[in-house]
Structure formats: structure tokens, C-alpha cells
Amino acid sequence: MGEVDRWSSIHQDLLNKITNRFHSYDNDYLQLRLVCKQWNLKLPKIPNGNKVPWLLLPIGGGGGAAKESFEEFHSREEEDIYHIMQLPTIDEQIPNTGGLEEEGIYHLILPELQDNNICGSCHGWLIIVMVYEGTIRMLNPFTKVQFELPPISSLPNVIDINGDECTIYFGGQIITRNTILMHKTQIWKAVINSTPTNDNNNDFIAVVIYGGLCSLAFYKPNDKRWHRFSTRYTDICDVMFFQEKIYAVDYEGQLYEFDTKNKSGPVGRIYEATPPPSDIVFGSFKCYYLIGCDNGSLLMLIRHIRHRYLGNKKYFVETVKFCVYESKKNEKAWSRIYDLGNYILVIGLNSSVQMFSSNFLNCKGNQIYFTDNMRLVHSSYFASHHDVGIFNLEDGTFKRLLTDVKFFCSPVWILS
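None of the values given here were measured: they were computed from a predicted structure.

> What's the story with the overall build of the protein chain in this structure? I'm lost.
When helices and strands are counted, the protein chain shows 8 helices and 27 strands. For the protein chain, the proportion of its 416 residues judged to be buried stands at 52%. Per element, the accessible surface of the protein chain, about 19,600 Å² overall, is 50% carbon and sulfur.

> In this structure, what is going on with the sheet that holds strand 6 (residues 146-149)? I would like to understand it.
Two modes of strand pairing occur in sheets, parallel and antiparallel, and in both the strands are linked by backbone hydrogen bonds. One open sheet holds the 4 strands; their spatial order is 3-4-5-6, and the pairing between them is antiparallel. Each of the sheet's edge strands pairs with one partner strand only, and the pair in question is strand 3 (117-122) and strand 6. For this sheet, the mean inter-axis angle between neighbouring strands, taken without regard to orientation, is 25 degrees.

> When you look at the pattern of salt bridges in this model, what are you seeing that I'm missing?
Any two side chains of opposite charge can pair, so long as their charged atoms come close to each other. Under the criterion given, the structure shown has 11 salt bridges. Between Arg269 and Glu272 there is a salt bridge, with the nearest N and O atoms lying 4.0 Å from each other. Residue Arg269 is classed as partly exposed on the basis of its relative accessible area of 33%. Between Asp387 and Arg303 there is a salt bridge, with the nearest N and O atoms lying 3.4 Å from each other.

> So what exactly am I meant to see when it comes to the side chain of Arg303 here?
Looking at the element boundaries, Arg303 is found in strand 19 (residues 298-311). Of note is the side chain of Arg303, whose polar atom sits 3.4 Å from the side chain of Asp387.

> Got a minute to help me understand the sheet that holds strand 8 (residues 165-170) in this structure?
If you walk across this open sheet you meet the 3 strands as 7-8-9, and the pairing is antiparallel. Strand pairing shows two members of the sheet lacking a second neighbour, strand 7 (158-162) and strand 9 (173-178), which therefore form its edges. If you compare each strand with its neighbour and ignore which way they point, the axes differ by 20 degrees on average. The sheet contact formed by strand 7 and strand 8 spans 4 bridges and is antiparallel. When the sheet's bridge partners are listed, Asp160 is paired in strand 8 with Thr167.

> Is there a simple way to explain the nonpolar core in this structure?
Soluble globular proteins tend to pack their nonpolar side chains together in the buried interior. Leu149, Leu155, Ile187, Val207, Leu216 and Trp226 are the most contacted members of the largest nonpolar core, which has 44 residues in total. Examining the composition of this core, we find that 5 residues originate from one element, strand 11 (residues 206-210), more than from any other. For Leu149, the contacting residues outside a window of four places in its chain are Ile127, Ile136, Met138, Phe204, Ala206, Tyr219 and Trp226. With 34 residues, the next largest nonpolar core counts Phe242, Leu255, Met300 and Cys323 among its residues.

> Would you explain unusual backbone geometry in this entry?
Glycine aside, negative phi is the norm for most residues, and most peptide bonds take the trans geometry. In this structure, Gln243 is a non-glycine residue whose phi angle is positive, near 50 degrees. Looking at the secondary structure, you find Gln243 in the loop between strand 14 (236-242) and strand 15 (245-250). Look at Gln243 and you get partly exposed, because its relative accessible area is 47%. Positive phi values are uncommon outside glycine, yet Glu244 reaches one of about 65 degrees. Tracing the sequence through the fold places Glu244 in the loop between strand 14 and strand 15. The exposure class of Glu244 is exposed, given its relative accessible area of 55%.

Procedures and definitions
- Residues numbered from 1 in each chain as written.
- Predicted model: local features only at pLDDT ≥ 70, side-chain atom pairs only at ≥ 80, totals over all residues.
- Heavy atoms only, no water.
- Helix = DSSP H or I, 4+ residues; strand = E, 2+ residues; numbered from the N terminus.
- Buried < 20%, exposed > 50% of the residue type's maximum accessible area, 1.4 Å probe, protein only.
- Areas by Shrake-Rupley, 256 points an atom, 1.4 Å probe, with all protein chains shown as cover.
- Pairing = 2+ DSSP bridges.
- Axes fitted to C-alpha atoms, helices over the stretch in contact; angles between N-to-C directions.
- Salt bridge = Lys/Arg side-chain N within 4 Å of Asp/Glu carboxyl O.
- Polar contact = N/O pair within 3.5 Å; in protein donor to acceptor, adjacent residues only side chain to side chain.
- Core = buried A, V, L, I, M, F, W, Y, C linked by side-chain atoms within 4.5 Å.
- Contact = heavy atoms within 4.5 Å.

Here it is, written out as C-alpha cells:
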């Protein structure tokens, strides 16, 4: 048997062990699939069954076109279409990912996302706002399969869009805004309850946090627009699907529970448990995250964040502390927990999850893997550096990652 034939007939288990050592999808895994036809067939498009967290790094241009008109955009559309289909060249910004690989974090880059906003990541799918078109698109970053959700123009607070200007409801008033800027800032977060499984895009529910009041809207199979929740709550910080229900938490830590089985749409109520207390951290503000656990418990993370001044009227948001609370199944109270055992928590713009640390290399339990979802970074007063790292719950220490890399929107975890 020739040397080439011996490599092409390598045992699947050995080939899998090789792929586990490759942390870059673009530079390593794709190249490995191209070695020969047999390897291309043996290695799936989605490595490791996507059972580990993949970190999408939004590298590229963008970030400064909020005021660009539709005419200016279309005048450069042909040039952009050519550019976004290329992998990054040696002259483009390539981040130093050594810190990620040391922590066993797999990563990929999708240049075709540049100038657009990622607003969610669930079940292996990205949810993206195409800021010049005003559409909301779901994309599987490994298979490239796409689904279209109803556009931003169909959200309950949008009255009219006329070229560069739009009219929307905001806090009981009608205001006019730049259309592209509205597209960029309208959706705070989006989640879905399951993986789409057919071409008709009619087998899942989606929920978004939208608008200046941080309200909730939902999409049901075959709908052409987004619908308000019948029970209206505002100032929503996070939302998730868990055990056939929707849970949302506001910026005061109040939890809301919604029944998804109602034909006219989710019906909500205030969760009986009193919001958990929180440590006082001077000079910080708080964000809340929800996680549903395998044992039926709910977790609420409180994230303390500070603004750090970088000079030249630029600021940076930095996490300084996490607190974790648990509401056990059939109990209506929150209790502080200090040890996650062999689990890690993965939070950010993704639908936050709890995972076994033993499922992937170089990972220890009792840690929180985080990226930011601070929409303030889109402001001209904030730097395009993002808050990415690992928090050790045992000793309260942080490992900061990608601190010198600029992104056009927040990095996001991709999880199955």
C-alpha cells in the first residue's frame, strides 16, 4: 500500500483525535478536510458534532457606516460582494488566538458577516441583523444553510420606513431616526426554541428583545411579522426557552414566566420568587443571564460591569464580578451558589448554557466563559474592544482573552 493510500485509509478514531487538536476552523479544520477525498467524506462539516463551544470572531471592516445612505451602500455593493466571499488575507487583521487555544477554545471567522450585527446564537445557528437590508437572518456557520425571519420593519414599534429615515414608537412618543442606525440598534437579543429541520422554516418559535424599552416580541410558524406578547413587560435583560416555557429577566432581577402552549401567543406572569440580592460593587452596573439546568433548576447570573476610560473620549466595558443564584425545581426561592462542580457556564449573546467541562480539552469546571452583549459598544464613545474571558468562581479571578483585538460586533459562542 502506497504512503498516500495509507493516509487516506486512516482509522476514523485516529482522525478524530487529530481534529481535537485543531482549534481554528478556518486555518486548520477546513484544510484537513481538503487533504483527500476520503478525509473530506469522513470529517463532517460541523466538527465534534458541535458539542463544544466555538467562538465566532467578527473580524473585518464595518462599525463606522451607521450614517451611510442606501444609495452609498448600493454604489459599493458589487465591491463588497467580492470582498466578503474571500477568507482574510495576510494584510487583514488576524487575531492572536494563542490564548484561546491554551484554554481549549475552538474558534472560527466568517468574513461575510462584516458590517452586520449578530444578535443571537442558539442550537448551532447564528441570528444576524443585515443592517442595510433590515432583514433578520438565521445562518448555520458550518453548513451555510440560511433561514429568513420576519424583517425589522415588522416589529411592533416600527411605524414606517422611508429610505434613510424611519418612524418608530418610543416610550409613548413617535420619533424619527436614521434607518440604518435603527436597524443596528433595534434588536438586543434573539433566541429560538429548537433547530429548524425543514425548508419551510415552520417548525420553531423565535423571541427577540427589541426597541428602546427592551420589550419582547415573538415569531410563530409561518408568520410574516413579529407579535407583541399579550402580557407586556419592559426593561428585559435576557430571555430563554426552557422546558416548553419562556423565561425572561429584567434589569432589576425580576423573573417572568410565559406559557408557550397558548394558541394566540405566550401568556406571562411574574415568577413567585423574590429577585435575588446582589453584592454592591462600587461604580458598576448589572446585567442578568438565565440558564436552564438538566436537573430542572434555574440559574440566574448577575454580572457586574464597569466603564473604564481609555483616553481620547473612549471607554471600555469590563466585567469585575459574577454572582450565581439557583432556584431549584418546584421551589420558588433563589439561593446563592459558589461552586458549579464539574460544570461551566457559557454566556453572552448566545442562549446561555451549562456544560460538562470534561466534554472538551483543557477545561476545568466551576468557571464562567463569557463574551459581552453590551450594545453601548456601538456608540462612538466606546472602543470596539470587547469583554471576553473566563471567570474562576472558586477564587474570583479572571483570564482576559483577545484584549488587543477590535471587532465590529461582539464575539459570540456557537453551541449545539
